[in-house]
Amino acid sequence: MKVRLTLAAATAALLGSVALYPLFVGARWVMPGLGAVVVVSAAGLLTRRFRIPAPLSLPACLLALQLYVTALYTGPEALAGIIPTPGSLTRMADLMGEGWHVAGRYAAPVPLRPGVAVLSTLCIGLVAAVVDFVAVRLRHAAAAGLPLLAMYSVPAAIREESVSWVAFLLGAVGFMSLLLADAREQVSGWGRAVPSRRWSADPSAGRPGSSGPAGAGYRVGLAAVAIAVLVPTVVPGIRDTGMFGMGGVGGQGNGGQMVTTPDPLVSLKRELTRRGDAVVLNYRTNDPEQPDYLRMYSLDRFDGERWTYSALQSTAKDRVRDRMLPTAPGLSTAQAQRVITQVKVDRRVRDMTFLPMPYPPVRVTMKGDWRVHAASLMVYSLRDAAAGRTYTVQSLRVRPTPEQLAAASDRAPADITRRYLAIPGEVPEQIRELAMAKSKGASSPFEKAVKLQRWFTESGEFTYDLSKQSPRHVSDLVDFLTSTKRGYCEQFAAAMALLARTLGIPARVAMGYTAGTRIGDGSWEVRSRDAHAWPELYFEGAGWVRFEPTPAGGLGQGTASVPAYTQPEPAGAQPGQIGDTSPAPAGSAGGASGASPAAAPGHRTDELDRLARTGLPRSSGGGAFGPVFATALFLLLMILMAPMAVRIISRRRRWAHTGDAAGVANAAWTQLRSDAIDHAVPWRASETPRTTVRRLAEHLRAGTAVADSLTRIAEAEERARYSRSPASPQSLRADSETVREAFARSVPARTRWRARLAPPSAMMTFRNAARRAPEILDRTGRLLAARPLRMRRAARSGRAGARGR
């Protein structure tokens, strides 16, 4: 039956499933997964107990898994609550479809809906069945690592963060235990060693796995796992964050790294449909008017199904610390003012690796390794998250006039047109015809864009509806534009950006948060329902300009706002004047440093006034390196102090657990041995106590007091070994202190400090513990293997007794 190997395979599968934790919200998937592993392992045991052919072993395990999942999730539709029926199979297919839909709708971690729970249970059970079949039935334990590795590859493929080192360590221990159990099973098939004159008669010496090579195998395996966990901490490029988030400095060298995140639009829908309305961030600004949106992502690529951003290649040169950011593309003639925004992200926000900020940012002050994408001015991090952090953004509030936008050249730079006018071939001509019809009569690209916006928000009879699914194909956008006219900000932004491109206007989709709501203390509060997507259109001289096609107010996105430059000028306003502007040109960082206008009363703090006058402070050169270095230094000091701590604790325990006079004598003799080893004085285990102290007295050139102390310690040890009446223990502890001081005086200062800080006797303690660890594991394995054998023997004895009676 191979009970021990079966248990090892089940343990490996169970520990490997820990790597799936980043995929789900909560831990309710654990117990169904545990049950699946138990059921599959039990089925594998039964197939081996009744000698079912190997080709039928895996199908039997999968059948048991099917019965288990049926009973757990579709019991009411099943026969007797466990046997599948057409109804239960239909229900199971519906649940699996629901699970796939939720997985595609939400970014990880996904809520554990029933369909997701079914998929997770089936996946864990399937891996357990394959591991059991390959490792136990086919006896290829090493190959069983492939399905175990699959459970690590899934979260690694869909998430930016790597799997926790704890999850990796647990999986590695499970796989190593499976390899060791398989090796023991193979060696045990050779039979028991026969003692002879040249072999020890000790029964333990003949047990497979208890020899030196087996212990060496344990140590090699443990060392390999330790190296795999610890090396990324100190070697750059292997892992971005290293253990505890301290090691590794991804992208520190000249080479670049690819920036990957979950689908931003999936995250947007999750924010908008989340139960409750949690606070995401608070911010203060010196902007005298309604603050602008806080942009996180810039989605420049439409592939016919979804809007996303092109692959970002990140290098160390992209860091934002202590420098001005690249100039916003196309921003040259439009008037702008400098705005200071201080943002504090709520500590409960998860996985925020792109920073929300007004566009275009000029400078960002925040601790950590944050970087900027020059073309889009997205600010992101490969290793840090914004949760619980505060950062300051200096940005430009661009206020173009309708006249400036209408007069903008329709000949954008080649790099802009190449990227932001691309339209997939599968986009139907119907989209282009619709765009031309709704912008008919416009004399400039800007007027065309305004007509499109007003069609969405006023004349087009569109309805804001969060229940609609995200568009998956271009046909979904066609239905939205021509038929249903119901959707939320993703549909409105995606549709207007696509229509603009068909009209020859460079366009992209931005995603982030609206300005939020102003609260009593003058700051602004942004909540999860303020998550938003909007189109940005390019006009030479003003750069990327925000439009708002999504309905706002109570029947739409509550905090959305239509830009002033797209609205008719109020009566009495002078031409070209929309709000308060600064005369500073926006085409350079120098223009950004002009004086900001006076703010409305109570709208900004004195600190923001000071920042507006003096500019942002330089971030500390250390950034996040300071606390990371302090933590690493603390851990290093703890490691260096460990031998000294072990020596002190061992000495105290040695004298605290002496018991009788013989125990005190043994403690004094052990202390003498440790002191000699610590001070580099040779210790010969073959010598008698008298010979040892005589040699030590000569080495120490000991005076009368030290020689008498050595003599008393030796005499007490001899009488403890060989006499029924031990020596008096009263002076032995004082004698040990006297001898230790004599050792310290007899050696150079370097040896003396080594004895205090890194005593070799403590290192021997570590080595002895490492030497005993394989023995303990070996004994534990034998106990686990012997228990089923004893149970079978007891059962046979009971049956024999019953037949005798």
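In case you missed it, the structure is sitting above this.
The rules behind each value
Residues numbered from 1 in each chain as written. Predicted model: local features only at pLDDT ≥ 70, side-chain atom pairs only at ≥ 80, totals over all residues. Heavy atoms only, no water. Axes fitted to C-alpha atoms, helices over the stretch in contact; angles between N-to-C directions. Helix = DSSP H or I, 4+ residues; strand = E, 2+ residues; numbered from the N terminus. Parallel < 35°, antiparallel > 145°, perpendicular 65-115°, else oblique. Left-handed = near helix turned anticlockwise from the far one by under 90°. Contact = heavy atoms within 4.5 Å. Core = buried A, V, L, I, M, F, W, Y, C linked by side-chain atoms within 4.5 Å. Buried < 20%, exposed > 50% of the residue type's maximum accessible area, 1.4 Å probe, protein only. Salt bridge = Lys/Arg side-chain N within 4 Å of Asp/Glu carboxyl O. Pairing = 2+ DSSP bridges. Phe/Tyr/Trp six-rings, centres within 6.5 Å; stacked < 30°, edge-to-face > 60°. Lys NZ or Arg CZ within 6 Å of the ring centre and 35° of its normal. Patch = residues over 30% accessible without salt bridge, like charges linked within 9 Å, V, L, I, M, F, W, Y side chains within 5 Å. Areas by Shrake-Rupley, 256 points an atom, 1.4 Å probe, with all protein chains shown as cover.

*Asks:* Explain the packing of helix α3 (residues 54–73) against helix α5 (residues 114–137) here, please?
*Replies:* Geometry of a packed helix pair, given as the angle between the helix axes and the separation of the axes. Running from N to C, α3 and α5 cross one another at 155°; their axes reach a closest spacing of 10 Å. Taken as axis vectors, α3 and α5 run roughly antiparallel relative to one another. For the element pair α3 and α5, the recorded crossing hand is right-handed. Residues A54, S57, L58, C61, L62, L65, Y68, V69 and Y73 of α3 pack against A117, V118, T121, L122, G125, L126, A129, V130, D132, F133 and R137 of α5.

*Asks:* Can you walk me through the nonpolar core in this structure?
*Replies:* Nonpolar side chains in soluble globular proteins tend to be buried together. With 92 residues, the main nonpolar core has L355, V379, F456, L481, F539 and F547 as its most contacted residues. With ten residues, the top contributor of residues to this core is helix α15 (residues 489–502). Once residues within four sequence positions are removed from consideration, F539 is found in contact with G330, L405, A408, P445, F446, A449, I505, V545 and F547. Ranked by size, the runner-up nonpolar core spans 44 residues in total, among them A10, L20, Y68 and L148.

*Asks:* How should the pattern of salt bridges be read in this particular structure?
*Replies:* Side chains that differ in sign of charge can pair as their charged atoms come close. Summed over the entire model, instances satisfying the criterion amount to 25 salt bridges. Between R546 and D292 there is a salt bridge, and its shortest N-O distance comes to 3.2 Å. In this pair, R546 sits in strand β18 (residues 543–546) while D292 sits in the loop between β2 (279–285) and β3 (294–299), placing the two residues 254 residues apart along the sequence. You can call R546 buried: its relative accessible area is 10%. Linking D465 and R486 is a salt bridge whose minimum nitrogen-to-oxygen distance equals 3.2 Å. You can see D465 sitting in the loop between β12 (463–464) and α14 (474–484) and its partner R486 sitting in strand β13 (residues 486–487), a full 21 residues away along the chain. Classification of D465 as buried rests on a relative accessible area of 13%. It is possible to trace a salt-bridge network through shared partners that takes in D287, E289, R397 and R399.

*Asks:* What am I meant to see in the pairing of strand β7 (residues 336–345) here?
*Replies:* Every regular strand shows the same layout, with side chains that alternate between the two sheet faces. For β7, a buried count of eight out of ten residues is recorded, marking the element as mostly surrounded by other parts of the structure. Sheet analysis places β2 next to β7, joined by five bridges and oriented antiparallel. Following the sheet pairing, L281 is matched in β7 by V345. Bridge count between β7 and strand β11 (residues 390–398): nine bridges; the pairing is antiparallel.

*Asks:* In this structure, what is going on with the packing of aromatic side chains? I would like to understand it.
*Replies:* Tallying each qualifying case throughout the model produces 22 aromatic pairs. Measuring from ring centre to ring centre gives 4.7 Å for Y297 and F354, while their planes differ by 35°; the resulting arrangement is tilted. One end of the pair, Y297, is in strand β3; the other, F354, is in the loop between β7 and β8 (361–365), with 57 residues separating them in the sequence. Pairing Y309 with F354 gives two aromatic rings, centres 6.0 Å apart and planes at 40°, and the pair type is tilted. One end of the pair, Y309, is in the loop between β5 (307–308) and β6 (312–314); the other, F354, is in the loop between β7 and β8, with 45 residues separating them in the sequence. The exposure class assigned to Y309 is buried, which follows from its relative accessible area of 8%. For F354, a relative accessible area of 1% corresponds to the buried category. Through a chain of ring-to-ring contacts, three or more aromatic side chains come together here, namely W455, F456, F462, F480 and F492. Looking at R508, its charged tip hangs above the ring of W544, at a distance of 4.1 Å from the centre.

*Asks:* I tried to follow the sheet that holds strand β15 (residues 517–518) on my own but got confused; where do I start?
*Replies:* Remark on secondary structure: sheet strands pair via backbone hydrogen bonds, oriented parallel or antiparallel. Read from one edge to the other, the open sheet built from six strands follows the order β8-β11-β7-β2-β16-β15, with strand pairing classed as antiparallel. Each end of this open sheet is capped by a strand with a single partner; those strands are β8 and β15. Pairing between β8 and β11: four bridges, direction antiparallel. Paired with T365 across the strands is T392, a residue of β11.

*Asks:* Whenever I open this one, the packing of helix α20 (residues 689–700) against helix α21 (residues 704–722) confuses me. Can you help?
*Replies:* Here α20 crosses α21 at 165°, and the two axes come no closer than 9 Å. Between α20 and α21, the interaxial angle falls into the category roughly antiparallel. Taken as a pair, α20 and α21 cross one another with a handedness that is right-handed. Taken together, the residues of α21 that come into contact with α20 (itself represented by P689, R690, V693, L696, A697 and L700) are V706, L710, A714, E717, E718 and R721.

*Asks:* Is there a simple way to think about a nonpolar patch on the surface in this case?
*Replies:* On the surface, L633, L636, L637, L640 and M641 cluster together into a nonpolar patch covering about 450 Å² of accessible area. Along the polypeptide, L633 turns up in helix α18 (residues 625–656).

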